[in-house]
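# Analysis of the macromolecular model
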Amino acid sequence: MKDNDFIPYGHQSISKEDIAAVVDSLQAEYLTQGPIVGSFEKAIANQVNSKYAIAVNNATSALHIACLALDVKEGDCVWTSPNTFIASANCARYCGAEVDFVDIDPRTYNLSAEKLEEKLISAKRLNTLPKVVIPVHFAGQSCDMEAIHRLSQEYGFAVIEDASHAIGGQYQDHPIGDCRYSDICVFSFHPVKIITSAEGGMALTNNANIARLLRTYANQGITKDPQYLIQNVGDWYYEQHTLGFNYRMTEMQAALGLSQLSRLDQFIEKRHQQFKSYEKLLKDFPITLPYQAEDTHSSLHLYPILLPEHNKAARKGVFEVLRHAGIGTQVHYIPVHTQPYYQALGFQLGDFPVAEDYYSRTLSLPLFADLTSAQQERVALILKHALIANRVMSA
Ligand SMILES: *Cc1c(COP(=O)(O)O)cnc(C)c1O
């Protein structure tokens, strides 16, 4: 990528070693269901201190089998953040469950633990408590997992962390993915995320039974483990115990993911350097820069800025100036409950005002491992022009 080319908001970083690893995997005996997927799973489990890791074809599938493994079904309710990619909510709908949302914290833009508690208190009275809550570590910064875990104990729900943004991040000095405060944690390896396997996802857990269910649901509902077979008639034999899916990851994807994983710390370090550079470059701009909570070390997947409340009408104009100048800004996220599909289920504008207000004023600036300082300076310069042109800032 040259400095004056289009600068996307997120982009993969592919090395010669990554390419060699994928080529090698193509020349190996197995293209799928071979040893590399297992090695990738072990390496991720090692990296984040979880007991079990199940690789799948993308994080949406991982969220789906996570809901299935926790027995989410018709008549159940699953709560998540409105400030997320739609997959965090859709996974519950795949299982026939109802979805509801908990509004966000105005500083971290994460699902608010205080609002969760308020909602749980009234849900208990109404007998509408959730079966599962899915906190999303927005932009790579952990939610207040200690508080969410305490509430899960008190109100009896399970927790799936949607850590699609957050591999390589830490919470209270522990790696995100160790499932200390959750039943299952999910990573995405889509190219815009922290490390990539092209498409790919992983579900982590410390619970042996949940791990077995996750693996079964990802592989057609099949088991071959003699311990669980109803009868065992020979080596060819397998049994389908439930309705599962083909959500398997290929050897090529695992080879790329494994190779990328060796540079995870480097990627996070670069993102932190870029974060500091933006803080310097943008310090006199009348915008809110991303806040970092004390007990978190974010993977910094995204760099969302916020326009002032009284300038929210300028967001569209600022977005357009940036895009026309080749800066691939994006908006993360359109609140899920405002999507036509969720509106048809009864949600309305105004239901989650903090997420809606945040959405109306936010823009994500480019942030990815190979972003150069010259590119960051260009982003800052064009953002300044865009803010002046839209009267958010005076010349
Ligand atoms: C990207 C993303 C997903 C889905 O990941 P895929 O691997 O593309 O299926 C889910 N949740 C969040 C928060 C995401 O950002």
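Source: prediction; values computed, not measured.

Quick look at the sheet that holds strand 5 (residues 158-162) now. If you trace the seven strands from one edge of the open sheet to the other, you get 1-9-8-5-4-2-3, paired in mixed fashion. Only two strands of the sheet have a single partner each, and these edge strands are strand 1 (52-56) and strand 3 (98-101). The sheet shows a mean angle of 20° between the axes of neighbouring strands, taken without regard to direction. Where strand 2 (residues 77-80) and strand 3 come together, four bridges link them in parallel fashion. Paired with T80 across the two strands is F101, which belongs to strand 3. Most of the contacts of helix 4 (residues 87-94) go to strand 3, to which it runs at about 155°, and overall it touches strand 2, strand 3, strand 4 (132-134) and strand 5.

In the structure shown here, the tally under the stated rule is zero disulfides. Here C67 stays free of any disulfide, with the sulfur of C91 as its closest cysteine sulfur at 3.7 Å. Between C185, a free cysteine, and C179, which holds the nearest cysteine sulfur, the sulfur-to-sulfur gap is 5.3 Å. A residue is classified by how much of its surface remains accessible, and C185, at 0% relative accessible area, is buried.

Here we come to the domain arrangement of the protein. Assigned domains of the protein: these are domain 1 (16-261) and domain 2 (263-389). When each unit is reduced to the centre of its C-alpha atoms, the spacing between domain 1 and domain 2 is 26 Å. Summed over both partners, the interface of domain 1 with domain 2 comes to about 3,400 Å²; 60% of that surface belongs to carbon and sulfur atoms. Summed over the three residues of domain 1 that lose the most area to domain 2, namely Y109, Q141 and I194, the buried surface amounts to 18% of that side. Linking D18 and R263 is a salt bridge whose minimum nitrogen-to-oxygen distance equals 2.9 Å. Our count for the domain 1 to domain 2 interface comes out at 25 residue pairs in polar contact (both at pLDDT 80 or more). When residues of the side of domain 1 that touches domain 2 are traced back to their parent elements, those giving at least two are helix 4, strand 3, helix 5 (113-126), strand 6 (170-171) and helix 8 (251-261). A class-by-class count of the residues in the side of domain 1 that touches domain 2 yields 19 nonpolar, 16 polar and eight charged.

Turning to the site of the ligand, a few remarks are in order. Taken together, 15 residues form the shell around the ligand, and within it T60, D162, H165, S188 and K193 come nearest. A59 places a polar main-chain atom, nitrogen or oxygen, 2.9 Å from an oxygen atom of the ligand. Y333 has a polar side-chain atom sitting 3.2 Å from an oxygen atom of the ligand. Protein contact buries 93% of the 380 Å² of open area that the ligand shows by itself. Listing elements by their share of the shell around the ligand, those giving two or more residues are helix 3 (59-69) and helix 4. Looking at side-chain class alone, the shell around the ligand contains five nonpolar, eight polar and two charged residues.

This part takes up the nonpolar core. Residues F101, V132, I160, I184 and L214 are the most contacted members of the largest nonpolar core, which totals 49 residues. Among the elements that make up this core, the one with the highest residue count is helix 3 (eight residues). Each of two domains, domain 1 (16-261) and domain 2 (263-389), supplies a minimum of three residues to this core. Ignoring sequence-local partners within four residues, the contact set of F101 consists of T80, S81, P82, A89, K119, V336, H337, Y342, F347 and F352. Among the nonpolar cores identified, the runner-up in size contains 47 residues, and L116, A123, A147 and I195 belong to it.

Backbone phi values are negative for most residues with the exception of glycine, while trans is the configuration of most peptide bonds. The residue after H332, namely Y333, is reached through a cis peptide bond having omega 0°. Along the polypeptide, Y333 turns up in the loop between helix 10 (315-324) and helix 11 (340-343). Positive phi, close to 75°, is recorded for A198, a residue that is not glycine. Summarising the element assignment, A198 is placed in the loop between strand 8 (184-188) and strand 9 (201-205). Even without glycine at this site, L300 takes up a positive phi of about 55°. Residue class for L300 comes out buried when judged on its relative accessible area of 1%.

Criteria and thresholds
- Residues numbered from 1 in each chain as written.
- Predicted model: local features only at pLDDT ≥ 70, side-chain atom pairs only at ≥ 80, totals over all residues.
- Heavy atoms only, no water.
- Pairing = 2+ DSSP bridges.
- Helix = DSSP H or I, 4+ residues; strand = E, 2+ residues; numbered from the N terminus.
- Axes fitted to C-alpha atoms, helices over the stretch in contact; angles between N-to-C directions.
- Contact = heavy atoms within 4.5 Å.
- Disulfide = S-S within 2.5 Å.
- Buried < 20%, exposed > 50% of the residue type's maximum accessible area, 1.4 Å probe, protein only.
- Domains from an automatic or database assignment.
- Buried area = accessible area lost by both parts, 1.4 Å probe.
- Salt bridge = Lys/Arg side-chain N within 4 Å of Asp/Glu carboxyl O.
- Polar contact = N/O pair within 3.5 Å; in protein donor to acceptor, adjacent residues only side chain to side chain.
- Nonpolar A, V, L, I, M, F, W, Y, C, P; charged D, E, K, R; others polar.
- Near = heavy atom within 4 Å.
- Areas by Shrake-Rupley, 256 points an atom, 1.4 Å probe, with all protein chains shown as cover.
- Core = buried A, V, L, I, M, F, W, Y, C linked by side-chain atoms within 4.5 Å.

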